[in-house]
Each structure stands twice: as structure tokens, then as C-alpha cells.
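What follows is each chain in one-letter form.
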Amino acid sequence: RMQLSKFTDYALRTLMHLAVADGNLLTTRQIADIHEAKYNHLAKVTQWLVREGYVSSNRGRSGGIKLAMATPDVNVGELVRKLESQTELVECMRPDGGHCALSPACGLSTALIAAQNAFYAALDQVTLADLTSKNAAMRRLLESLTRS
């Protein structure tokens, strides 16, 4: 089973919340509370999203975060690639080649690279708009969670 990091998961959730907020500011605390996430962890996610240009941030008492890009411009495959670029499926796929004794004759890494490429190719077909504005049930759910 392929598994995304918690960091990637929270980044995607944050972007979905901001997408349905229609430009209204949300706080990192609000999003952390909704997902029962540690605030400090979500703050790091938010900082990364700001640094990468997905989110803009306003500081201060009435501050918060909002999307900095149009939802059709946020490609899920590109985002996940950026976030998961440091995570290797198996040791031999690490930049240093890892230390697996089977590496010289193993075909597993080739198969895993093909599977990973197919995974990203599928995500390349999805935008933030597909996850939110084109998904009425998700939009309603996120709106209700944000109002709570």
C-alpha cells in the first residue's frame, strides 16, 4: 500500500479547506482543530505552502491564510511530487543507492519506479478544483466543518 506522509495529507486538506473558503481567511488553528492535528505540525505545513506560493498569509489579529492560486491551477500530482520527493519507496531508491545486498541483480526498483510514475500520472489528471468545486458533497462537508 502506498502511503503519503502526514505532511502531504495535511497540505492537501488545508488546500481543500481554503478552496471552499472562497477567499475568506482561515487560521491554521481552525484547520488544526477540525482535523485534530497538532498545531505546530500544521503550522509547518502552512509555512511550506506559503513559501511554495500555494497560500498567502496575513499576520495579526484578523489574519489568516487563503489560497494564492486559482483552484484549477493547483495540480495535485505536481504538489504531491514536491512534498514526497524526499520519501523513497525502498532503500535502493535513495539518492545514495542505499545498502541493499540485492541491488546489483534486483528488478524490484524498476517495477516500483514504474508504479510510482503511474501513481503520479494519475494524480497529474487531478486539480484542486476537481477535489472541491467539482465535488459538491466535499464542498458541503468542508463548509460545514469550517463553520463549526
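Residues numbered from 1 in each chain as written. Predicted model: local features only at pLDDT ≥ 70, side-chain atom pairs only at ≥ 80, totals over all residues. Heavy atoms only, no water.

Things to note about helix 7 (residues 136–147)
The end-to-end C-alpha separation of helix 7 is 17 Å, in line with the 16 Å expected for twelve residues at 1.5 Å each. Buried within helix 7 are the following residues: Arg139, Leu142 and Thr146. Buried residues of helix 7 fall within an arc of 70 degrees about the axis and therefore sit on the same side. Exposed and oriented more than 90 degrees from the buried face of helix 7 are Arg140 and Arg147. Here the buried face of helix 7 lies against helix 1 (6–20) and helix 2 (28–34). (Helix = DSSP H or I, 4+ residues; strand = E, 2+ residues; numbered from the N terminus. Expected span 1.5 Å × (residues − 1). Buried < 20%, exposed > 50% of the residue type's maximum accessible area, 1.4 Å probe, protein only. Arc of directions from axis to C-beta. Contact = heavy atoms within 4.5 Å.)

Regarding the packing of aromatic side chains
Within the structure shown, the criterion is met by three aromatic pairs. Aromatic side chains Trp48 and Tyr54 sit 6.1 Å apart centroid to centroid with 20 degrees between the ring planes, which places their arrangement in the stacked category. Tyr54 carries the same exposure label as Trp48, and that label is buried. Ring geometry for Phe119 versus Tyr120: centroids 5.3 Å apart, planes at 65 degrees, classification edge-to-face. Three or more aromatic residues link up through ring pairs in this structure, and these residues are Phe7, Trp48 and Tyr54. (Phe/Tyr/Trp six-rings, centres within 6.5 Å; stacked < 30°, edge-to-face > 60°.)

With respect to the pattern of salt bridges
Tallying each qualifying case throughout the model produces four salt bridges. Where Arg13 meets Asp9, a salt bridge forms, and the shortest distance between an N and an O atom there is 2.8 Å. With Arg13 and Asp9 both in helix 1 and four residues apart, the pair spans about one turn of that helix. Judged by relative accessible area, which is 25%, Arg13 ranks as partly exposed. Here Asp9 falls in the partly exposed class, since its relative accessible area comes to 30%. With a closest N to O distance of 2.8 Å, Arg81 and Asp124 form a salt bridge. Here Arg81, found in helix 4 (residues 76–84), pairs with Asp124, found in the loop between helix 5 (108–123) and helix 6 (128–131); they are 43 residues apart in sequence, far enough to count as distant. According to the relative accessible area criterion, Asp124 is partly exposed, its value standing at 27%. Each member of the salt-bridge network shares a partner with another, and the members are Glu52, Glu78 and Lys82. (Salt bridge = Lys/Arg side-chain N within 4 Å of Asp/Glu carboxyl O.)

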